[in-house]
Amino acid sequence: MSEAGYQVLLYYRYTRIERAAGFAEEQRELCERLGLRGRILVSEEGLNGTVSGLVAGTEAYMEAMRGDERFRDMVFKVDVAAGHVFPKLSVKWRPEVVTLGLEKGEDVDPNEVTGTYLSPKEWYEAMQEEDVVILDGRNRYESDLGRFKGAICPEVEHFRDFPEWIEAHMGEWEGRRVLTYCTGG
């Protein structure tokens, strides 16, 4: 529990959301009722959010989300805060929960196509293998804060620029195992 009385929640979940615009409105109402502020993006492919509030409000939010089968096992990253870290609440519907700007036909459904998740031990062991590429899937600001030793950090300001950067560089790693990581997991 936070000694400061506030917490910040960071979370995302790829899952099918029918009536995503209506679900976004439900999120807005829930957050307003609990006194939360921050940013939540909702799409048919999932949910991505960062909110702050009193501990009681953030705990009630996590409990409400885990009461929904789609979000039962969603991981929340929780940080202590001295007060609200956001000036207001913004809940929006978007075509993509993480903007990649891919054209129809290029887009990959993250609910159907995903990488293999590794435990921390498996990740560490994989990093020790020869001919492994470690790719930081975050923007420049995030990777400047810290990264894994030897990681390749794309020179992108926004995540939406990541696919173009990958396309331009993927030939450099042909035949090698590529490990990726990002802020979310």
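Residues numbered from 1 in each chain as written. Predicted model: local features only at pLDDT ≥ 70, side-chain atom pairs only at ≥ 80, totals over all residues. Heavy atoms only, no water.

> I'd like a rundown of the nonpolar core, residues and numbers included.
Judged by nonpolar contacts, the single largest core of 22 residues is most densely connected at Y11, I40, V42, L47, Y61, M65 and F76. When residues of this core are traced back to their parent elements, those giving at least two are strand 1 (6–14), helix 1 (20–34), strand 2 (37–43), strand 3 (46–54), helix 2 (55–66) and strand 5 (89–93). Considering every element that reaches this core, the biggest residue donor is helix 1, with six residues. The contact partners of M65, leaving out residues within four places of it in the chain, are F23, Q27, L47, F71, R72, M74 and F76. Among the nonpolar cores identified, the runner-up in size contains eight residues, and A126, V132, A151 and Y181 belong to it. (Core = buried A, V, L, I, M, F, W, Y, C linked by side-chain atoms within 4.5 Å. Buried < 20%, exposed > 50% of the residue type's maximum accessible area, 1.4 Å probe, protein only. Helix = DSSP H or I, 4+ residues; strand = E, 2+ residues; numbered from the N terminus. Contact = heavy atoms within 4.5 Å.)

> Account for the packing of helix 1 against helix 2, naming residues and giving values.
Put simply, helix 1 and helix 2 touch, their axes get as near as 9 Å, and they point 150° apart. When the interaxial angle is binned, helix 1 and helix 2 end up roughly antiparallel. Seen along the crossing, helix 1 lies across helix 2 with a hand that is right-handed. Here F23, Q27, L30, C31 and L34 of helix 1 come into contact with helix 2, specifically with G57, A60, Y61, A64 and M65. (Axes fitted to C-alpha atoms, helices over the stretch in contact; angles between N-to-C directions. Parallel < 35°, antiparallel > 145°, perpendicular 65-115°, else oblique. Left-handed = near helix turned anticlockwise from the far one by under 90°.)

> Describe helix 1, listing the residues and the values that go with them.
Relative to the 21 Å expected for 15 residues at 1.5 Å per residue, helix 1 spans 21 Å between its end C-alpha atoms, a close match to the ideal helical length. When we look at burial in helix 1, the residues that qualify are A20, F23, A24, Q27, L30, C31 and L34. An end-on view of helix 1 places all buried positions within 125° of arc, on one side of the element. Facing away from the buried side of helix 1 by more than 90 degrees, the exposed set consists of A21, E32 and R33. As for helix 1, its buried residues are in contact with strand 2, strand 3, helix 2 and strand 5. Just downstream of helix 1 lies G35, where phi reads positive at about 75°. (Expected span 1.5 Å × (residues − 1). Arc of directions from axis to C-beta.)

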